Amino acid sequence: MKKEDILIVEDDEDIRELISFNLKNEGYRVIGVSSGEKALISIGEKKPALILLDLMLPGIDGLTMCEQLKKETVAGSIPIIIVTARGEEDDIVRGLEAGADDYITKPFSIQVLCARVKAVLRRKKRSDAAEDDSEIPVSIHDLTIDPKRHKSTVKGNPVELTLTEFRILHHLARHPGWVYTRYQLVEAVRGYDYNVTDRSVDVLIFGLRKKLGTCGDYIETVRGIGYRFRE
């Protein structure tokens, strides 16, 4: 059985060829491009199953590209793994906030990268196959959340959320009163095998509350445990 198409967006030709060679050996079909602009053209021609994305690119940078793709109806469902030399915690947080599904820092082990690719694709398949209430719109208090349209409103006014913020809000609002640890929230919105710090979840919640205004108070902190949505 043929494996999925993977798009590599990397301006360093040696790194691009190294990743491409090893993924092809794993049975994947691989397309490599050197810029965000070329990547967008490639995605328009054929939607890949996964994108490996460098941050420091000529022209449109990787972070902007990630944010742009995650806001689109079709391309927003493509998993993105950021592969970059930027390994500071603030960089990782920004990448996750932009909607990346995983974050790998250079220099990296090619075996680890291949394993991460497989893990992200497994999560995507499980997510696509799952028959649960994850696509059901939610209306609670003054909030409405429609996952199929990726639309959220507060008192009828639209609120622009990143994909990760949207998923966290939708998950919490679907289960009001339930308390979730930070790691449980990561599992719920992204799946297992995901490397994330406690701080990144706190930053996401902080940004989410700020965007929701007074309705941000519905997301309650349970000291020493995590978060819940007020019943």
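Values in this document were obtained by computation on a predicted structure and should not be read as measured data.

Undergrad: Please provide a residue-by-residue account of the nonpolar core, values included.
TA: In this structure, Leu-143, Leu-169, Leu-172, Leu-212, Ile-219 and Phe-229 are the most contacted members of the largest nonpolar core, which totals 26 residues. If you list the elements that add at least two residues to this core, you get strand 6 (138-140), strand 7 (143-146), helix 6 (163-174), helix 7 (182-190), helix 8 (198-212) and strand 12 (226-229). For Leu-212, the residues in contact, after removing those within four places along its chain, are Leu-143, Val-154, Val-159, Leu-169 and Ile-219. In terms of nonpolar packing, the next biggest core, distinct from the first, is built from 21 residues, Ile-43, Ile-51, Cys-66 and Leu-69 among them.

Undergrad: Go over the side chain of Ser-42 with me, naming the residues and quoting the values.
TA: Tracing the chain through its elements places Ser-42 in helix 2 (residues 36-45). Those residues in contact with Ser-42, other than ones at most four positions away along the chain, are Leu-7 and Ile-31.

Undergrad: Please set out the packing of helix 2 against helix 3 (residues 62-70) residue by residue, giving values where relevant.
TA: It is at 10 Å that the axes of helix 2 and helix 3 come closest, and there the two elements cross at 25 degrees. Classified by the angle between their axes, helix 2 and helix 3 sit roughly parallel to one another. Handedness of the crossing formed by helix 2 with helix 3: right-handed. Together, Gly-36, Ala-39, Leu-40 and Ile-43 of helix 2 and Met-65, Gln-68 and Leu-69 of helix 3 make up the contact between the two elements. Residues belonging to the contact of helix 2 with helix 3 are distributed by class as follows: five nonpolar, two polar and no charged.

Cut-offs and rules
- Residues numbered from 1 in each chain as written.
- Predicted model: local features only at pLDDT ≥ 70, side-chain atom pairs only at ≥ 80, totals over all residues.
- Heavy atoms only, no water.
- Core = buried A, V, L, I, M, F, W, Y, C linked by side-chain atoms within 4.5 Å.
- Buried < 20%, exposed > 50% of the residue type's maximum accessible area, 1.4 Å probe, protein only.
- Helix = DSSP H or I, 4+ residues; strand = E, 2+ residues; numbered from the N terminus.
- Contact = heavy atoms within 4.5 Å.
- Axes fitted to C-alpha atoms, helices over the stretch in contact; angles between N-to-C directions.
- Parallel < 35°, antiparallel > 145°, perpendicular 65-115°, else oblique.
- Left-handed = near helix turned anticlockwise from the far one by under 90°.
- Nonpolar A, V, L, I, M, F, W, Y, C, P; charged D, E, K, R; others polar.

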